Amino acid sequence: MNISLKNPAEVEIIRQACRIQSEILNEVCAAVAIGISTSELDELAEKLCREKNVKPGFKNYHGFPASICASVNDEVVHGIPSKNKILENGDIIAIDFGVVLDGWNADACRTVAVGKISEEAKKLMERTKESLYRGIEKAVAGNSTGDIGHAIESFVKQFSYSPVRETVGHGIGRKLHEDPEVPNWGKVGSGAKLKKGMVICIEPIINAGSAKILTEKDGWTTRTRDGKLSAHFEHQILIREGEAEILTPWDEPVGNL
Ligand code: MG
């Protein structure tokens, strides 16, 4: 494992990258509406990247063809935006998005509602978001990645939800995905030790039913095997001695359950 610690000057650039990422993601999430296509959201993200002089972080990453991953309802991650995918009342959409500023990556994801959603969908979203914050609480120097995963998994399990096993949180910096992996499950005290100066993304991807997923023919989009909903929230954070710094703030209050 090759875990890099970021120095204060590097952290400052990462902080700026994350601030811009948040501004754009906030705008894209605010544009979610009944009747809009996922490719229109992607075009908006691209336009805002140009305006703010950052590069879209995901475009062409391992060949991914767009700037946002737009995963609707039972789609889990890596949904490819399409002009044929029109959002409908009651949908939920996870928008995962990254930018690069001066060679430094920022990455975060939110799931948002389209119109009026079911109680079941609302609960899945709120609880997935809550699991992210429970993970962040454990993201303190001296703890380990397993403490984060355990906090997420033990919280969502009580609702019979399942963390997806194929995609995990990660270190981030010059590369979008760096060591360590930050799984959304685990044992207390297991995994990599967290140190001051590490920058990581915590990203619970939670299925309402079984953890099993399948990949579509496009080679990217994954969906739940049982057809149930999936939600995804992600923050990029800086590990400190005390409480972590959330680098990718959202312009909405954290919902209480
Ligand atoms: Mg990520």
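Conventions adopted
Residues numbered from 1 in each chain as written. Predicted model: local features only at pLDDT ≥ 70, side-chain atom pairs only at ≥ 80, totals over all residues. Heavy atoms only, no water. Pairing = 2+ DSSP bridges. Helix = DSSP H or I, 4+ residues; strand = E, 2+ residues; numbered from the N terminus. Contact = heavy atoms within 4.5 Å. Axes fitted to C-alpha atoms, helices over the stretch in contact; angles between N-to-C directions. Parallel < 35°, antiparallel > 145°, perpendicular 65-115°, else oblique. Left-handed = near helix turned anticlockwise from the far one by under 90°. Donors = N, O, S within 2.8 Å, 3.2 Å for Na, K, Ca; no water. Buried < 20%, exposed > 50% of the residue type's maximum accessible area, 1.4 Å probe, protein only. Phe/Tyr/Trp six-rings, centres within 6.5 Å; stacked < 30°, edge-to-face > 60°. Salt bridge = Lys/Arg side-chain N within 4 Å of Asp/Glu carboxyl O.

(A) Local environment of the sheet that holds strand β12 (residues 230-232). One open sheet accounts for 3 strands, arranged β5-β9-β12; its pairing is antiparallel. Strands at the two margins of the open sheet, each flanked by one partner only, are β5 (162-163) and β12. Across 2 bridges, β5 lies against strand β9 (residues 205-207) in antiparallel orientation. Its bridge partner lying in β9, S162 is registered against N207. On top of the sheet, helix α3 (residues 119-137) reaches β9 and β12; it is set at about 40° to β12, its chief contact.

(B) Highlighting the packing of helix α1 (residues 8-30) against helix α2 (residues 38-51). For the pair α1 and α2, interaxial distance at closest approach is 10 Å and the crossing angle is 150°. On the basis of the axis angle, α1 is roughly antiparallel to α2. In this structure, the crossing between α1 and α2 has a hand that is right-handed. Along the contact surface, α1 presents I24, E27 and V28, while α2 presents L41, L44, A45, L48 and C49.

(C) Highlighting the coordination of the magnesium ion. For the magnesium ion, the full set of protein donor atoms is D107 (OD), H170 (NE2), E203 (OE) and E234 (OE), and the range of their distances to it is 2.1 to 2.5 Å. Motif for the magnesium ion, donor spacing along one chain: D-x62-H-x32-E-x30-E. Pair noted here: H170 is in strand β6 (residues 169-171) and E203 is in the loop between β8 (199-202) and β9, with a separation of 33 residues, a long-range link. The class for H170 is buried, based on a relative accessible area of 3%.

(D) Structural detail: the packing of aromatic side chains. Scanning the entire structure with this criterion turns up 5 aromatic pairs. Summarising the aromatic geometry, the rings of F64 and W220 are spaced 5.0 Å apart at their centres and angled 85° between planes, so their arrangement reads as edge-to-face. Here F64 is found in the loop between β1 (55-56) and β2 (68-72), whereas its partner W220 is found in the loop between β10 (213-215) and β11 (222-224), with 156 residues between them in sequence. W220 sits in the partly exposed class, given a relative accessible area of 21%. Relative to W250, the ring of Y133 lies with its centre 6.2 Å away and its plane at 85°, an arrangement referred to as edge-to-face. Separated by 117 residues along the polypeptide, Y133 in helix α3 and W250 in the segment after β14 (245-246) bring together distant segments of the chain. Side by side, Y133 and W250 carry an identical accessibility label, which is buried. One aromatic cluster is present, built from ring pairs that chain together Y133, F233 and W250.

(E) Broad picture of the pattern of salt bridges. Considering all chains together, one arrives at 13 salt bridges under this definition. Residue E23 is joined to K52 by a salt bridge in which the shortest nitrogen-to-oxygen separation is 2.9 Å. A residue pair is termed long-range when its members are at least 10 positions apart, and E23 in helix α1 and K52 in the loop between α2 and β1 qualify at 29 residues. Linking K47 and E51 is a salt bridge whose minimum nitrogen-to-oxygen distance equals 3.4 Å. With K47 and E51 both in helix α2 and 4 residues apart, the pair spans about one turn of that helix. Given a relative accessible area of 39%, K47 falls into the partly exposed group. Three or more residues are tied together by salt bridges with common partners; here these are D74, E75, K85, E216 and R223.

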